[in-house]
Amino acid sequence: MSADSQTSIDPTLVGTTAARTERGGPRVPWRFIGGRAAFYLFTLWAAITVNFFLPRMMKGDAVTSFMARSQGQLTPDAEKALRAMFGLDTSVPLWQQYLDYWNMLLHGNLGVSISTGMAPVGEAIASALPWTLGLVGVATIISFAIGTGLGAIIGWRRGSRLDAFVPVTTFLGTIPYFWLGLIFIAVFSTTLGWFPAGHAYEVGVEPGWNAEFISQVVSHAVLPVATIVVVSLGGWVLGMRNMMLTVLDEDYITVAQAKGMPNRRVLWRYAARNAVLPQIQSFALALGFIVGGTLVMEMVFSYPGIGLLLLNATNAKDYALMQGIFLVLVLAVLVANILADIAYAILDPRTRQTEA
């Protein structure tokens, strides 16, 4: 490297996550990504294996429950056909059932759901998944953005009146989802009449990409989203504030301030960029569990998401649907963590240098 290129590197960035080379941006850590991907593939195999064996270890099954509800209206031959359809035929060896299960997954077949009128599991999940992604996904992103930004500012101005936000948001985080949701319904729906009390849209409204339907969806989602944001905001604020207090004691922050850099640049480019790294991992986990939805929230607001679908499947012992939902949960968490590892390695070169 020439002397000119050496002198062009900002000494305050050396050894920090804000470090960049002259040749343009962070390098993609392919070796690090490959190692992580191999680990997550093994994790996926283990999760699918557990997902196969766990329902078979539980007492009873979907067919037995369905036959009990039919009150003798189905013949033994029909029961045998149902067991073959759901892969619960005891005459087939367990290892063969396991291989058949993998064959179904590789062909995109998640089975048939008894609790939804023999509809394919994939269709049942696909009908509920967008509602959960839209509701809990938007709420999680909003709470992360607001909480992280607010925590960074509070940590930067430590000792100011802004510190009062920390105990307030922490207290709100201790309130159960269902309790705050009921309060919001009582105040903003029943008393003030500003927002609907539940459901995703009004009965009689035709779903579609039109102004009426979209406005219905937005108005019905305001209270559930507000509930999730208020309850989860405290964790993001407290985590970011504590990391900011740690980062502000680092030498490169002192050097940057000594060089006369604007406080805004030091805050966001140096301090916040380093402090946000643990938040990214937590955010990835939160995004992964978005698919699981917030069961209590969907019950309180009668929202047609994955959580409510899982509750109905559990009550009906619909193991095919339960397995499909759990598989979607696992995939969501693994993909979110892989993306977080990639972002973490790009933002922090020390990570890929240590683990590559």
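Residues numbered from 1 in each chain as written. Predicted model: local features only at pLDDT ≥ 70, side-chain atom pairs only at ≥ 80, totals over all residues. Heavy atoms only, no water.

Chemist: Can you explain the overall build of the protein? Please cite residues and give values.
Modeler: Within the protein, the secondary structure is distributed over 16 helices and 2 strands. Split into buried and exposed, the 356 residues of the protein put 41% on the buried side. Within the protein, contacts between residues at least 6 apart in sequence are counted, and of these 76% link residues at least 24 apart. In the structure as shown, the protein presents an accessible area of about 19300 Å², 66% of it carried by carbon and sulfur atoms. (Helix = DSSP H or I, 4+ residues; strand = E, 2+ residues; numbered from the N terminus. Buried < 20%, exposed > 50% of the residue type's maximum accessible area, 1.4 Å probe, protein only. Contact = heavy atoms within 4.5 Å. Areas by Shrake-Rupley, 256 points an atom, 1.4 Å probe, with all protein chains shown as cover.)

Chemist: Just give me the short version of the side chain of Thr148, but keep the residues and values in it.
Modeler: With respect to the element layout, Thr148 can be found in helix H6 (residues 121–156). You can call Thr148 buried: its relative accessible area is 9%. Beyond its immediate stretch of four places on either side in the chain, Thr148 contacts Ser143, Trp236, Met240, Val276 and Gln279.

Chemist: Lay out the packing of H6 against helix H14 (residues 306–315) with the relevant residues and their values.
Modeler: Two numbers describe how H6 lies on H14: the axes approach to 8 Å, and their chain directions differ by 140°. Judged on the interaxial angle alone, H14 and H6 are oblique. Seen from H6, the contacting residues are Ala124, Ile125, Ala128, Leu129 and Thr132; seen from H14, they are Ile306, Gly307 and Leu309. Class assignment of the residues belonging to the contact of H6 with H14 gives a composition of 6 nonpolar, 2 polar and no charged. (Axes fitted to C-alpha atoms, helices over the stretch in contact; angles between N-to-C directions. Parallel < 35°, antiparallel > 145°, perpendicular 65-115°, else oblique. Nonpolar A, V, L, I, M, F, W, Y, C, P; charged D, E, K, R; others polar.)

Chemist: For the packing of aromatic side chains, give the residues involved together with the corresponding values.
Modeler: What the rule picks out here adds up to 10 aromatic pairs. Summarising the aromatic geometry, the rings of Phe52 and Tyr98 are spaced 5.3 Å apart at their centres and angled 65° between planes, so their arrangement reads as edge-to-face. Pair noted here: Phe52 is in helix H2 (residues 30–57) and Tyr98 is in helix H5 (residues 94–106), with a separation of 46 residues, a long-range link. According to the relative accessible area criterion, Phe52 is buried, its value standing at 0%. By relative accessible area, Tyr98 is classed as buried at 15%. One aromatic cluster is present, built from ring pairs that chain together Phe52, Phe53, Tyr98 and Tyr101. (Phe/Tyr/Trp six-rings, centres within 6.5 Å; stacked < 30°, edge-to-face > 60°.)

Chemist: Now, about a nonpolar patch on the surface: what can you tell me, with residues and values included?
Modeler: Taken together, the side chains of Phe178, Trp179, Leu182, Ile183, Val187, Leu192, Trp194 and Val296 present a nonpolar region at the surface, about 740 Å² in accessible area. Top contributing element to the nonpolar patch by residue count: helix H8 (residues 177–191), with 5 residues. Along the polypeptide, Ile183 turns up in helix H8. (Patch = residues over 30% accessible without salt bridge, like charges linked within 9 Å, V, L, I, M, F, W, Y side chains within 5 Å. Salt bridge = Lys/Arg side-chain N within 4 Å of Asp/Glu carboxyl O.)

Chemist: Go over the nonpolar core, please, and point to the residues and values.
Modeler: Grouped together as the largest cluster of nonpolar side chains are 21 residues, with contacts concentrated most on Trp131, Leu135, Val225 and Tyr303. In terms of residue count, the dominant contributor to this core is helix H9 (residues 211–247) (8 residues). Those residues within four positions of Tyr303 in sequence are excluded, and the remaining contacts are Trp131, Leu135, His199, Ala200, His220, Ala221, Glu298 and Leu308. (Core = buried A, V, L, I, M, F, W, Y, C linked by side-chain atoms within 4.5 Å.)

Chemist: Explain the environment of Asn51 residue by residue, including any values.
Modeler: Looking at where Asn51 falls in the secondary structure, it is placed in helix H2. Accessibility expressed as a relative area gives 9% for Asn51, which makes it buried. Sequence separation between Asn51 and Leu327 is 276 residues; the distance between their C-alpha atoms is 7.4 Å. Other than its neighbours up to four places away in sequence, Asn51 contacts Tyr101, Gln323, Phe326 and Leu327.

Chemist: An account of H6 is requested, with residue identities and associated values reported.
Modeler: Given a rise of 1.5 Å per residue, 36 residues ought to cover 52 Å, and the 50 Å separating the end C-alpha atoms of H6 matches this to within 8%. Of all bends in H6, the biggest is about 30°, found at Ala128, and the proline Pro130 comes one to four residues later. (Expected span 1.5 Å × (residues − 1). Bend = angle between axes of the 7 residues up to and from the residue.)

Chemist: I'd like a description of the packing of H9 against helix H11 (residues 263–275), backed by residues and values.
Modeler: Where H9 meets H11, the closest approach of the two axes is 8 Å, and the angle between their N-to-C directions is 115°. The handedness of the crossing between H9 and H11 comes out as right-handed. Contacts between H9 and H11 pair Met240, Met243, Met244 and Val247 from the former with Leu267, Ala271, Ala272, Asn274 and Ala275 from the latter. (Left-handed = near helix turned anticlockwise from the far one by under 90°.)

Chemist: Which residues make up the environment of Val205, and what values go with them?
Modeler: With respect to the helices and strands, the residue Val205 is situated in the loop between H8 and H9. For Val205, a relative accessible area of 13% translates into the label buried. For the pair formed by Val205 and Gln216, sequence separation is 11 residues and the distance between their alpha carbons is 8.4 Å. Ignoring anything within four residues of it in the chain, the contact list for Val205 reads Glu212, Phe213 and Gln216.

Chemist: If you had to explain the confidence of the model for the protein to someone new, which residues and values would you point to?
Modeler: Overall, the prediction assigns the protein a mean pLDDT of 75, with 74% of residues at 70 or greater. Throughout residues 1–9 the model reports pLDDT below 50, and contacts reaching past four residues in sequence, or to other chains, amount to 5 contacts. Overall, residues 11–24 carries pLDDT values under 50, and its contacts beyond four positions in sequence, including any with other chains, amount to 28 contacts. (pLDDT = per-residue confidence, 0-100.)

Chemist: So what about the environment of Ala275? Which residues, and what values?
Modeler: Along the chain, Ala275 turns up in helix H11. Linking Ala275 and Val247, residues 28 residues apart in sequence, is a C-alpha distance of 6.3 Å. When sequence neighbours within four positions are dropped, the list of residues in contact with Ala275 reads Met240, Met243, Met244 and Val247.

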